[in-house]
Amino acid sequence: MSKENDYLEINRQSWNNRTDTHLTSDFYDLDGFLKGNTSLNSIELDLLGDIKGKSVLHLQCHFGQDTISLARLGADATGIDLSDKAIESAKQIAKDSGTDAKFICSDVYDLPNHLHQQFDIVYTSYGTIGWLPDLDRWAKVIARFLKPGGKFVFVEFHPVVWMFDNDFEKVFYHYFNSGAIIETESGTYADKTADITQEYVTWNHGLSEIINSLIQNGLEINSLDEYDYSPYNCFNKTIEFEPKKFRIEHLGDKIPMVYSVVATKNQVSN
Ligand SMILES: C[S@@+](CC[C@H](N)C(=O)[O-])C[C@H]1O[C@@H](n2cnc3c(N)ncnc32)[C@H](O)[C@@H]1O
């Protein structure tokens, strides 16, 4: 099987391989999280609004900090992720922190075979769609799991960021989806010097591809916003110009780093 066709297994191993390092990293600050810190940033907190009593499906939840943070805000939260190691850790952290967030190990596309309810909100954020080859299938899953009138909240790194080489010195990748990108990295964004190496398969997706996939699957776009900073220090050559706001030092505010979409599922849809 080609590496592109085997992307699910390669990426599952890749994320399983990162999980232990992430659990002990300063980046994810699990100790602080267990003491009650939220992992959610002001961008998504503002877009989510009051979620008390709402059912929330969190796609690509990694080891569950955001899902548990949603539950701490009073949501009935379910997180799903491809990595069995991440989901195992998520369940343990939920237990240790006394929250009843639920977790399911599944590929996004395969979720309709594992979950059968619909939700008030579908949420996904920061480092998600790059792992998926086909956004039409992604948007179909979002539409399938939203109640009619339900809200999709999406915050993601901007496709412009993925055009650059690791040090943001030159345009290296296509802005548009030009097929699978197969690479091997040492370390991880949460600990760049960690002694781990993993192969992975990703895809770049331009804004029109993203937005049209949602529109074509019955979602009405309520807002699209772009931000000239990242709330995470996960790139090289960054500067923290305000607390929890990072830019590429030599690019300053010249490029967008994050965008957000809020969309509503058509009331008459199934
Ligand atoms: C960057 S992380 C999630 C970001 C999240 N904001 C965080 O930092 O906790 C991306 C997650 O996507 C998951 N993932 C990758 N491909 C997937 C797929 N096809 N289906 C479900 N989850 C997938 C990975 O296992 C990983 O946990």
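The rules we used
Residues numbered from 1 in each chain as written. Predicted model: local features only at pLDDT ≥ 70, side-chain atom pairs only at ≥ 80, totals over all residues. Heavy atoms only, no water. Near = heavy atom within 4 Å. Polar contact = N/O pair within 3.5 Å; in protein donor to acceptor, adjacent residues only side chain to side chain. Areas by Shrake-Rupley, 256 points an atom, 1.4 Å probe, with all protein chains shown as cover. Nonpolar A, V, L, I, M, F, W, Y, C, P; charged D, E, K, R; others polar. Buried < 20%, exposed > 50% of the residue type's maximum accessible area, 1.4 Å probe, protein only. Helix = DSSP H or I, 4+ residues; strand = E, 2+ residues; numbered from the N terminus. Arc of directions from axis to C-beta. Contact = heavy atoms within 4.5 Å. Right-handed = clockwise from strand over helix to strand, strands pointing away. Pairing = 2+ DSSP bridges.

An unreviewed UniProt entry annotates the protein as Methyltransferase domain-containing protein of Epilithonimonas pallida.

Chemist: Can you help me understand the site of the ligand in this one?
Modeler: The local shell around the ligand holds 17 residues, among which Y28, D81, D107, V108 and Y126 are the closest. A distance of 3.1 Å separates an oxygen atom of the ligand from a polar side-chain atom of H62. For the ligand, an oxygen atom lies 2.5 Å from a polar atom in the side chain of D81. The fraction of the free accessible surface of the ligand (600 Å²) that becomes covered by protein chains is 95%. Classifying every residue of the shell around the ligand by side-chain character gives 9 nonpolar, 6 polar and 2 charged.

Chemist: Would you mind going over helix α7 (residues 207-215) with me for this structure?
Modeler: Every α-helical turn comprises 3.6 residues, leaving residues that sit three or four positions apart pointing alike. Looking only at α7, the buried set comprises L207, I210, I211, S213 and L214. All buried residues of α7 fall inside an arc of 155° around its axis, so they share one side. Of the surrounding elements, those touching the buried residues of α7 are α6 (135-145), β5 (146-157), β8 (219-227) and β11 (258-265).

Chemist: Please explain the pairing of strand β1 (residues 55-59) as it appears in this structure.
Modeler: The side chains of a regular strand alternate, first on one face of the sheet and then on the other. Within β1, 5 of the 5 residues are buried, leaving the element largely enclosed by the surrounding structure. Burial along β1 is two-sided: the residues S55, L57 and L59 and V56 and H58 are all buried. One crossover worth recording links β1 to the parallel strand β2 (residues 76-81) by way of helix α4 (residues 65-72), and it is right-handed. Note: β1 against strand β4 (residues 119-125), 3 bridges, orientation parallel. If you follow H58 over to β4, its bridge partner there is Y123.

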